Amino acid sequence: MTGSKRGPLQGHTFAAKDLFDLKGERRGCGNPHWRKRQSPSLSNATAVQQLLDAGAICTGSTTMDEFAFGLSGESPWTGSPPNSANPGCITGGSSSGSAAAVARGDVDLALGTDTGGSIRVPASWCGLLGWRPSHGAVSVQGLQPLAPSLDTTGLFSRDPQVLLAAAEVLLSSNKQRQSAEAPAPTRLYWIPELWTDLEHPVRSALIKSSEQLSQTIHCEIEALPLATFGLKNPQQLQNLFQTIQWDEIAATFAALPNDLPLGPVLERNLAMVRNRSKGAQEQVIQHRQQVRDTLATVLGDHGLLAQPITPCTAPAIGSFSLDRGAGSLVGQLILLNALAGLSGAPELSIPTGGMDNKPLGLGLIASPGRDRLLLQTLEMCARSLAAI
């Protein structure tokens, strides 16, 4: 699908996760049976059209976890897309095909979605730049929702300049308040309690990367206790996110046809949602607002939070456990990626030197609406990305 003959992305190629409308194509959401029941889309999703109007060329859609409800990227219908940065290992999901296409060099950038880590996790495990924007900063028109108050449209790329240009295109028509300034960061924080359960070599590698980042942006790293957010322990953060996500997922899939064939992982996940314990909605909403307000107050206009995205490097294909309990891999992934989702904040996954030649990303979070602070930080780090 050819775009405009002029624009900041002229000649660059991109692919879109199978959640996005592509004009004339059926949207499958990672399920071939669902795809067959759909009519061809009459128009492109807004984000797709924005990239086309900026001169980019769309090569098609990419595989994903069914209906975006998963973090492994392994599909019962198409298998696991290749992770060229770590052969034999999964890409992570749910935006697995988008990450795989960029990592292999098939396209210059790719659209994905991120609810609970679906861009950030595969970016970390595939050695890519991955941007989850502030909630509402980039249009979600023309895509299948999962949990609407958490869903975002974002990007993958290998090239900082390509990601910066594409992000600016997607942000340029945003009607919400988004700072047009690109100030340099002046504070850098970390939350020690969210680093304790990482594999030791991973923790050491990410601490080293954080220290290198602090030198690059000339900011000392300051501790930000989890209790600042009214959270007693990491499990409470995971539970808060999961309660909100599962309530919204239940509403999203309430009308899913009973006769639609589903893969075993999605079947299991939806059964967990149906059998969930329902929390006190008012308390959950209030606590979420407290988390959001606290993050915005602490980080302000110029602060950043360094955050792990994955507690390990990518697992081998077929080894991803579905256990969601405390300390499980899925549980840790949900925990490490919960804060940006709950607060509506933007987060950038930046490739580090990795561990034993296996990719590993470092997350950077800014206040909601401060996407350009993250992008400015990326520009500052672009020359030294391989060293971070």
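Please refer to the structure placed before this passage.
This report concerns the structure included in the present document. On a predicted model such as this, the values are computed, not experimentally measured, just so you know.

### Looking at the environment of H135
Phase 1 of the analysis: Relative to the helices and strands, H135 resides in the loop between strand 4 (129-132) and strand 5 (152-157).
Phase 2 of the analysis: The class of H135 is partly exposed, set by a relative accessible area of 28%.
Phase 3 of the analysis: On a C-alpha basis, the gap between H135 and R274 in space is 26 Å, while along the polypeptide they are 139 residues apart.

### Section: the environment of G303
Phase 1 of the analysis: With respect to the secondary-structure elements, G303 resides in strand 8 (residues 303-308).
Phase 2 of the analysis: Judged by its relative accessible area of 0%, G303 is buried.
Phase 3 of the analysis: If near-sequence neighbours (up to four positions away) are discounted, G303 is found in contact with R187, I365, A366 and L373.

### Some details on the packing of helix 7 (residues 234-252) against helix 10 (residues 329-336)
In helix packing, the relevant descriptors are the interaxial angle and the interaxial distance, both defined with respect to the helix axes.
Phase 1 of the analysis: Between helix 7 and helix 10, whose axes approach to 9 Å, the crossing angle comes to 85 degrees. In terms of orientation, helix 7 lies roughly perpendicular with respect to helix 10. Seen from helix 7, the contacting residues are P234, L237, Q238, F241 and Q242; seen from helix 10, they are G331, I334 and L335.
Phase 2 of the analysis: Of the residues belonging to the contact of helix 7 with helix 10, the class tally is five nonpolar, three polar and no charged.

### Quick look at the pattern of salt bridges
For side chains bearing opposite charge, pairing can occur when the charged atoms are close.
Phase 1 of the analysis: According to the stated counting rule, one finds eleven salt bridges in the structure shown.
Phase 2 of the analysis: Put simply, E168 and R372 hold a salt bridge, and the shortest N to O gap is 2.7 Å. Pair noted here: E168 is in helix 5 (residues 160-172) and R372 is in helix 12 (residues 371-381), with a separation of 204 residues, a long-range link.
Phase 3 of the analysis: We classify E168 as partly exposed; its relative accessible area is 34%.
Phase 4 of the analysis: Given a relative accessible area of 12%, R372 falls into the buried group.
Phase 5 of the analysis: The structure contains a network of salt bridges with shared partners spanning D114, R120, R132 and E347.

About the criteria used
Residues numbered from 1 in each chain as written. Predicted model: local features only at pLDDT ≥ 70, side-chain atom pairs only at ≥ 80, totals over all residues. Heavy atoms only, no water. Helix = DSSP H or I, 4+ residues; strand = E, 2+ residues; numbered from the N terminus. Buried < 20%, exposed > 50% of the residue type's maximum accessible area, 1.4 Å probe, protein only. Contact = heavy atoms within 4.5 Å. Axes fitted to C-alpha atoms, helices over the stretch in contact; angles between N-to-C directions. Parallel < 35°, antiparallel > 145°, perpendicular 65-115°, else oblique. Nonpolar A, V, L, I, M, F, W, Y, C, P; charged D, E, K, R; others polar. Salt bridge = Lys/Arg side-chain N within 4 Å of Asp/Glu carboxyl O.

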